[in-house]
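Summary of structural features
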Amino acid sequence: MTTTINNAPDLASRFINGILAIKPLANLAKHQARQMMIKRAEKIGVPWTQEVEKLQQRDWVKDLSKVENPQIQINYPEYYLRPFHAYEHGNLGWPAAFELEVAARTVHASIWTEAGSQGDTKLRQSYHNILKEKIDPQPQNILDLGCAVGLSTFALQATYPQAKITGLDLSPYFLAVANYRNQEHQTQINWVHAQAESTGFTDATFDLVSICLMCHELPQSATHRIFAEARRILSPGGHLAIMDMNPKAENYKKMPPYILTLLKSTEPYLDEYFSLDIEQALIKAGFNAPTITSNSPRHRTVIAQVSG
């Protein structure tokens, strides 16, 4: 049984959207959001400035050339070219790639009071605990779709050390950092620069496709295409697993308007994600009815299986 989703933003959301439609106000909101995050990072022991400066000192030309697919350059979808996460060029630049790891540790530090800077690790572990409980047998060929700099990919490799892991992302800057981190993690993960909507893999290639913290960054039209692509590349009996924000969580219902404004200033597709009926979207893409499990006060794990 599914619930009816109200796709229309409420009055508060329309008011906030109106504010963010005014560019000077939107820029101010993004600036404030960014400054708040950096200050919070340093306060809780995440060395934001130090970590970013360390990455900036490296010559990334060769790293970028190793992962970049030149055919992608003219095929970036319009939604991916918008300003995003307070970066004018969104994910297509070094600032976003250098700051993603420290940003994740900072944002997720507030999920559990006692976790602090380890909140991001705990969040990913809570997701993987559910995968291990609900998916049997253990997957042997896994695709991390929208892998960014590899935080989710390395965590998957640690969870399933026997599996062959592939990380796919549309940002070559993210993938360059992920490939660099391969050395530290001593892994042999394969990094692929491609669109999640059109991966280039043959049918029935994987037995698990994982999408971690990506769907809230997508317009619904892209989400539907990505679900269809995941269905195509999954083997019979394979699973699509999604971990992301939970629109029904009390934390979001009680969120102060000014915090919501700052959040939406860096997340342009948040309204579309919160109004998505993810169960029906997955069924429409050809999956069996999914299971949905809360894995944090703010996140949910959605698992959908292909008929076997």
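Residues numbered from 1 in each chain as written. Predicted model: local features only at pLDDT ≥ 70, side-chain atom pairs only at ≥ 80, totals over all residues. Heavy atoms only, no water.

1. Section: unusual backbone geometry
Peptide bonds are, in most cases, trans, and in most cases residues other than glycine have a negative phi. We apply this condition: Helix and strand definitions here come from DSSP, where helices need a minimum of 4 consecutive H or I residues and strands a minimum of 2 consecutive E residues; each element is numbered from the N-terminal end. Working definition: with a 1.4 Å probe on protein chains only, accessible area under 20% of the residue-type maximum means buried, over 50% means exposed, and in between means partly exposed.
Between Asp136 and the following residue, Pro137, the backbone shows a cis peptide bond with an omega angle of 5°. Structurally, Pro137 is set in the loop between α6 (119-134) and β1 (141-145). Its identity as a non-glycine residue notwithstanding, Ala148 has a phi of 55°, on the positive side. Examined against the element boundaries, Ala148 turns out to sit in the loop between β1 and α7 (151-159). Notably, Gln186 is not glycine yet its phi reads approximately 55°, a positive angle. Counting through the fold element by element, Gln186 comes out in the loop between α8 (172-185) and β3 (190-193). What makes Gln186 exposed here is its relative accessible area of 72%.

2. Digging into the packing of helix α3 (residues 48-56) against helix α5 (residues 94-107)
Test applied: Interaxial angles span 0 to 180 degrees and are taken between N-to-C directions of axes, which are lines fitted to C-alpha atoms, for helices over the stretch in contact. Under this scheme an angle from 65 to 115 degrees is roughly perpendicular, one under 35 degrees roughly parallel, and one over 145 degrees roughly antiparallel; angles in between are oblique. Handedness of a helix crossing follows the sense of rotation of the near helix relative to the far helix, less than a right angle counterclockwise being left-handed and clockwise being right-handed. Residues count as neighbours in contact if any of their non-hydrogen atoms are within 4.5 Å of one another. Each residue is assigned to one class: nonpolar for Ala, Val, Leu, Ile, Met, Phe, Trp, Tyr, Cys and Pro, charged for Asp, Glu, Lys and Arg, and polar for all the others, Gly among them.
In contact at an axis separation of 8 Å, α3 and α5 are set at 160° when each is read in the N-to-C sense. The orientation of α3 relative to α5 falls into the category roughly antiparallel. Where α3 crosses over α5, the handedness of that crossing is right-handed. Across from Trp48, Glu51, Val52, Leu55 and Gln56 in α3, the residues of α5 making contact are Phe98, Glu99, Glu101, Val102, Ala103 and Thr106. Across the contact of α3 with α5, the residue classes break down as 6 nonpolar, 2 polar and 3 charged.

3. Overview of the pairing of strand β2 (residues 164-169)
Our working definition: One requirement defines pairing of two strands: DSSP has to find at least two bridges between them. With its strands directed away from the observer, a crossover is right-handed exactly when the path from the first strand over the helix to the second travels clockwise.
Of all 6 residues making up β2, 5 are buried, and the element is well covered by its neighbours. In this sheet, β2 lies alongside β1 in parallel orientation, the contact comprising 5 bridges. Note on β2: the bridge partner recorded for Ile142 is Ile165. Considered for its hand, the β-α-β crossover made up of β1, α7 and β2 is right-handed. One ladder, built from 4 bridges, connects β2 with β3; its direction is parallel. By the bridge assignment for β3, Leu168 is matched with Val192. The handedness of the β2 to β3 crossover, carried by α8, is right-handed.

These values are about where atoms sit, not about what they do.
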